[in-house]
Amino acid sequence: DAKTTQPPSMDCAEGRAANLPCNHSTISGNEYVYWYRQIHSQGPQYIIHGLKNNETNEMASLIITEDRKSSTLILPHATLRDTAVYYCIVRGYSGGGADGLTFGKGTHLIIQP
Amino acid sequence: DTGVSQDPRHKITKRGQNVTFRCDPISEHNRLYWYRQTLGQGPEFLTYFQNEAQLEKSRLLSDRFSAERPKGSFSTLEIQRTEQGDSAMYLCASSSGLEETQYFGPGTRLLVL
């Protein structure tokens, strides 16, 4: 799976949009971009994933650049409960089965009141 | 609650003792994963089951570690002769064959004294 690069930490004011960047310049054509977050002492929570089109769900939006070398996770109206470590993961699928996820250190997003 | 559950949530043991953790995946998810997470790091993949078959093991899974999923439903992870370096959060995740997004449980936090 391709390696990802994320800033170690970011701040965002409550109520504003939080934009979390991720670089994945070695991504290959069949690899998806996944985002998870982990609130302190809890298991990772799935947020969203995409292949090449932008995606939106009730939690967030995922913007993937046309060349697919980077992406941005957008939390449209951040709240204090969004304070967490956010992981960007690039994942391919092995034939007939699914591999384990490769987590980096993620971005620690701190929402300021 | 129909999410992934793990038991116990916390375990304190003395070095040299054996411990066993249980994971109950989301109903009808045929894939089950175990991860380990140490302080300040992202989760690291340990092993993966498709139904009852253990299909992949990480090099992190030493011979003191054994995982089973006897009937293709719940899984157990046993650590024999625990060492202080085994202190970590042990996470379980499950996915279905169709979607393949992994959903995580709350984890079992192990402390080896």
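This text gives an overview of the structure that appears in the document.

Analysis parameters
Residues numbered from 1 in each chain as written. Chains lettered and ligands numbered in written order. Predicted model: local features only at pLDDT ≥ 70, side-chain atom pairs only at ≥ 80, totals over all residues. Heavy atoms only, no water. Helix = DSSP H or I, 4+ residues; strand = E, 2+ residues; numbered from the N terminus. Rg over C-alpha atoms; globule rule 2.2 N^0.38 Å. Buried < 20%, exposed > 50% of the residue type's maximum accessible area, 1.4 Å probe, protein only. Contact = heavy atoms within 4.5 Å. Areas by Shrake-Rupley, 256 points an atom, 1.4 Å probe, with all protein chains shown as cover. Lys, Arg positive; Asp, Glu negative; His and termini not counted. Charge placed at Lys NZ, Arg CZ, Asp CG, Glu CD. 1 Å grid on protein atoms, 1.4 Å probe; cavity = no way out; pocket = protein on both sides within 12 Å on 5 of 7 lines; lining within 4 Å. Points joined across faces, edges and corners; volume = space filled by probe spheres on them. Nonpolar A, V, L, I, M, F, W, Y, C, P; charged D, E, K, R; others polar. Core = buried A, V, L, I, M, F, W, Y, C linked by side-chain atoms within 4.5 Å. Disulfide = S-S within 2.5 Å. Salt bridge = Lys/Arg side-chain N within 4 Å of Asp/Glu carboxyl O.

**Let's talk about the overall build of chain B**
Within chain B, the regular secondary structure consists of zero helices and eleven strands. Reading the helices (α) and strands (β) of chain B from amino to carboxyl end gives β-β-β-β-β-β-β-β-β-β-β. For 113 residues, the compact-globule formula gives about 13 Å, and the C-alpha radius of gyration of chain B, at 13 Å, lands near that figure. Each of the three principal axes of chain B carries a C-alpha extent, and together these read 40 × 25 × 25 Å. A buried classification covers 48% of the 113 residues belonging to chain B. Counting only contacts in chain B whose residues sit at least 6 apart along the sequence, the fraction spanning at least 24 positions is 53%. Per element, the accessible surface of chain B, about 5800 Å² overall, is 45% carbon and sulfur. Each charge class in chain B was averaged separately, 14 positive and 14 negative side chains, and the resulting centres sit 8 Å apart.

**Comments concerning the layout of surface pockets**
Its volume calculated, the largest pocket comes out at about 470 Å³. Lining the largest pocket are 23 residues, with His40(A), Ser41(A), Gln37(B), Leu39(B) and Gly40(B) sitting closest to its centre. Mapped onto the lining of the largest pocket, the elements with two or more residues apiece are strand E8 (84–91) of chain A together with strand E9 (88–95) and strand E11 (108–112) of chain B. Grouping the amino acids of the lining of the largest pocket by side-chain chemistry returns nine nonpolar, twelve polar and two charged.

**Observations regarding the nonpolar core**
Grouped burial of nonpolar side chains is what soluble globular proteins tend to show. Judged by nonpolar contacts, the single largest core of 21 residues is most densely connected at Trp35(A), Leu73(A), Tyr86(A) and Leu109(A). With four residues, E8(A) is the largest single contributor of residues to this core. Among all residues touching Leu73(A), those that are not within four sequence positions of it are Ala18(A), Asn19(A), Leu20(A), Trp35(A), Ile47(A), Ile48(A), Ala60(A), Ser61(A) and Tyr86(A). Within the second largest apolar cluster, 19 residues are counted, among which are Leu32(B), Phe49(B), Phe65(B) and Cys92(B).

**A closer look at the state of the cysteines**
Residue and element names in this part refer to chain A. The tally for this structure, following the rule as stated, stands at two disulfides over all chains. The disulfide partner of Cys22 is Cys88, and the S-S distance across this bridge is 2.1 Å. Across the S-S bond linking Cys22 and Cys88, the dihedral sits near -80 degrees, which makes this disulfide left-handed. Note that Cys22 is positioned in strand E2 (residues 18–23) and Cys88 in strand E8, a separation of 66 residues in sequence. With respect to burial, Cys22 and Cys88 carry one shared label: buried. Just so you know, Cys12 is unpaired, no disulfide at all, and the nearest cysteine sulfur is the one on Cys22, 18 Å from it.

**Re the pattern of salt bridges**
Residues and elements named next belong to chain B. Taken as a whole and assessed by the stated rule, the structure comprises five salt bridges over all chains. A salt bridge links Glu83 to Arg64, with the nearest nitrogen and oxygen atoms 3.4 Å apart. Placement of the pair is Glu83 in the loop between strand E8 (75–79) and E9 and Arg64 in the loop between strand E6 (53–57) and strand E7 (65–68), with a sequence separation of 19 residues. Classification of Arg64 as buried rests on a relative accessible area of 9%. Asp86 is the salt-bridge partner of Arg64, the closest N and O atoms lying 2.8 Å from each other. Residue Arg64 is found in the loop between E6 and E7, and its partner Asp86 is found in the loop between E8 and E9; the two are separated by 22 residues along the sequence. With respect to class, Arg64 is no different from Asp86; both count as buried. Bridged by salt links that share partners, the residues Arg64, Glu83 and Asp86 form one connected network.

**Re unusual backbone geometry**
Peptide bonds are mostly trans, and most non-glycine residues show a negative phi. Residues and elements named next belong to chain B. The residue after Asp7, namely Pro8, is reached through a cis peptide bond having omega -5 degrees. Despite not being glycine, Asn51 shows a phi value in the positive range, around 55 degrees. Here Asn51 shows up in the loop between strand E5 (44–50) and E6. Looking at Asn51, the relative accessible area reads 34%, which means it is partly exposed.

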